[in-house]
Every structure is written in structure tokens, then in C-alpha cells.
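Summary of the model geometry
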Amino acid sequence: MTEAILLVGGKGTRLRPLTVHTPKPMVRAAGVPFLTHQLARARAAGVEHIVLATSYLAEVFEPHFGDGSALGLHLEYVTEEEPLGTGGAIRNVASRLHSGPDEPVLIFNGDILTGLDIRALVDTHESTGADVSLHLTKVSDPRAYGLVPTDETGRVLAFLEKPQTPEEIVTDQINAGAYVFRRSVIDAIPAGRPVSVERETFPQLLAAGAHLQGMVDSTYWLDLGTPAAFVRGSADLVLGRAPSPAVPGRCGDRLVLPTAQVAPDAKLTGGTVVGEGAFVAEGARVFGSTILPGAVIEPGAVITDSLIGTRARVGTRSVLTGTVIGDGAVIGPDNELREGARVWCDARIPAGAVRFSSDQ
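Presented here is a report on the structure given in the accompanying data block. (Residues numbered from 1 in each chain as written. Predicted model: local features only at pLDDT ≥ 70, side-chain atom pairs only at ≥ 80, totals over all residues. Heavy atoms only, no water.)

1. Quick word on the side chain of Arg183
Convention followed: Secondary structure is summarised from DSSP: a helix means a run of H or I of at least four residues, a strand means a run of E of at least two, and numbering begins at the N terminus for each. Only heavy atoms enter the contact rule, under which two residues are in contact if any of them lie within 4.5 Å.
Examined against the element boundaries, Arg183 turns out to sit in helix α5 (residues 183-187). In this structure Arg183 touches Ala94, Leu97, His98, Ser99, Gly100, Pro101, Glu103 and Val105, once residues within four positions along its chain are discounted.

This is the structure we're talking about:
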């Protein structure tokens, strides 16, 4: 297997305001665009040619990655003019593939951080003679996901979308968003219209007697669809809990990028990242958070499990927990923002304007 399709067309609405100016796969995790980690892991598994299926803010990708040669890859870009769903996006890039009808093509989503053994998935696909092979992972609460029960040999029996009642939860195995397709299966997907692989392609293949194989790999797996998950994923990359050859430095408690400035008595822990040109002032404490390039953290600020956008500013003594601050926003001194707060790009919160605790 030498080629893959990477689905990077989503709008990332659950991640706003992070995705107002930046497509989700280009938001920085552990110091580099998240997509960099996926490309590097694919290359490490032997993939050489990757077609990126783009849509939202499609113009951002190619200027950053170019032809992929810096990563040892050959990259191509195909833009959807109208959203086509997962299956439609896959079909839309089929003309750029080089594989023969029976050869495997790796397909993965641009918002999943995983330790999946890519080679093992391909080997499973080839050894079982499957038409499609799916990476499955086990979760404690599968209600938000599509369930994929299999028989004792790993052959897929059904696709059950987001069950709600206890009777519907027949397995803890879910579709983890990485596949290997036989090339001829891709060519059979209807062209020019939206298609969901989960709701249309896979069930139709099963009904037609095709061989769909599941491989359970329960190493690290995280859907980065929410701000809290994205911040956690970035921290896990820095801490070494999630594997990536693209982390720009040694794994540890913190990652400070070149040209960032951190005061000697500032405390950075929990997988915190400080991006290029950012400044963390004296007495600031930052735990498990991402400080994007050019942001400023003023003296005595305390930031936990949060993401501070590009060129944003957090004022003196402000306390942020589980929050997202958009690009260019300014949080004045002595504010307190708690879990779930999102401050939009370029917004300004005056000094002492928002609090949860008393004045004492």
C-alpha cells in the first residue's frame, strides 16, 4: 500500500471559534497543524501518495504543505464545491489514485488522533481478502458513535448508528474512522452527490454480501471534535501519551517553540504548548493548555485545560479553566472564566467584568 485519502473538508463547527479562520485539521496541536501528525504517521507506515479531500477554507492547505516533499510524501489536493459527505468525498478524489482495482487504499479522517497500527490494518485487510477493512475501537459509552458488531473472526455483521436504549447497545466496538478500501469499491460509490459511507455505502455492501472486516485496536484514540478534546489531544501529544513523529521537540511536561518567551518563574506543566512568538509573563501558571503563536499571558494569570488563540491576550491575574479564547481576543485583568466558555475572535472583555467566585 502506497497511497491514501485524507478527509479534511469539515467545517469544524463544534470547535468554533478556533475554526473561524482556520480549518480544523490546521489548528495547531503540539506546536504544528494537527494534520502534520497524521501525515507523518502515514508516511512512517509506508504511505507515499496522499490525496487531501478539502472543502472548508480549502485554500489554506496547499500553501502550507505544498507537494509534501518536506514530509517525504507526494500530496495532491481536490476541493469539493458542495459538501459530499464521507463517501462522496472519497469518490470525488478517485481519479487521482494510482492503485489498481484490487489494491488497497487507506482512508482516514482529519479529526481523529490515534495510535492505530496502520500497517496491521492493511495486513488484516490483505490476509482476510476483505473488500473494506475498518479500524474499530472500544469505548465505555458508545451512544454517541456508530456501533460495529463483528463475529468471532472479525467479520462485520451490521452498522448501528448512535443507539440510545440499552437493548440497542449490542457491542462496545465503534467505527474509529480509519479504513482500507479495495480500489474497485471506491469506484463503485455514486459520483456527484452526497454519500455517507456509514449510512449508505457500508450497509449496502453488507446487504450485497461484500466482505467487511473489523480490526479492533484499542491503543490511544480521541475524536478532536470539541475544544476540550482538542486541548487534551495536544497535551497528550506533548506528554507522549499519543504517538507522533511530528512533535517538534522532546516529549515532556511542556513544549516551548522557538521565539516564544517564558519568564523564569512562570510554571508550565501538563503538556502545555507555547507557540512561536508567544509570551508568558512572570508568575503565570499554565497547565495542560495550548498557547497559540503571538499570544500574551500577563503576570499572575492562571490557565488550565484551555486554548488561547493566535495574538490573543489574557490579562493580569485572570483565571481561565476549560475555556477557548479566539484569535485576537483580549481578556482584561482579574476576570474568571470557567468550563465551556468561548470568547469569540477579537472580542474584548474589560477588567474584572466576568467572575464566578466572590470578590474575596
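Next comes the rest of the account.
2. Brief notes about the sheet that holds strand β17 (residues 272-274)
Operational definition: Only strands joined by at least two bridges in the DSSP assignment are considered to pair. Note on geometry: axes are C-alpha line fits, over the in-contact stretch for helices, and angles between N-to-C directions span 0 to 180 degrees.
Strand order in the open sheet formed by six strands is β14-β17-β20-β23-β26-β29, and the pairing between neighbours is parallel. The strands lining the two open edges of the sheet, one partner per strand, are β14 (254-256) and β29 (342-343). Where β17 meets strand β20 (residues 290-291), two bridges bridge the pair, whose relative direction is parallel. If you follow Val274 over to β20, its bridge partner there is Ile291. The strands touched by helix α7 (residues 227-239) within the sheet are β14, β17, β20, β23 (307-308), β26 (324-325) and β29, with β17 carrying the most contacts at an inclination of about 90°.

3. A closer look at the pairing of strand β1 (residues 3-8)
Threshold: Relative accessibility decides the category of a residue: with a 1.4 Å probe and only protein chains considered, values under 20% of the type maximum give buried, values over 50% give exposed, and everything between is partly exposed.
β1 sits mainly inside the fold: six of its six residues count as buried. Here β1 shows no split at all, with Glu3, Ile5 and Leu7 on one side and Ala4, Leu6 and Val8 on the other all buried. Bridging between β1 and strand β4 (residues 49-54) involves six bridges; their strand directions are parallel. Directly across from Leu6, in β4, lies its bridge partner Leu52. Examined bridge by bridge, β1 and strand β6 (residues 104-109) share four bridges and lie parallel to one another. If you follow Ile5 over to β6, its bridge partner there is Ile107.

4. Observations concerning unusual backbone geometry
Note the cis peptide between Arg16 and Pro17, where omega equals 10°. Assignment of secondary structure puts Pro17 in the loop between β1 and β2 (28-29). Here the phi dihedral of Asp305 falls at roughly 50°; this positive angle occurs in a residue that is not glycine. You can see Asp305 is positioned in the loop between β22 (302-304) and β23. A positive phi angle, close to 65°, is found at Arg317, a residue other than glycine. Tracing the chain through its elements places Arg317 in the loop between β24 (313-314) and β25 (319-321).

5. Things to note about the sheet that holds strand β30 (residues 348-349)
Read from one edge to the other, the open sheet built from six strands follows the order β15-β18-β21-β24-β27-β30, with strand pairing classed as parallel. Each of the sheet's edge strands pairs with one partner strand only, and the pair in question is β15 (261-262) and β30. Here two bridges tie strand β21 (residues 296-297) to β24, and the two strands are oriented parallel to one another. Across the sheet, the residue bridging to Ile297 is Val314, located in β24.

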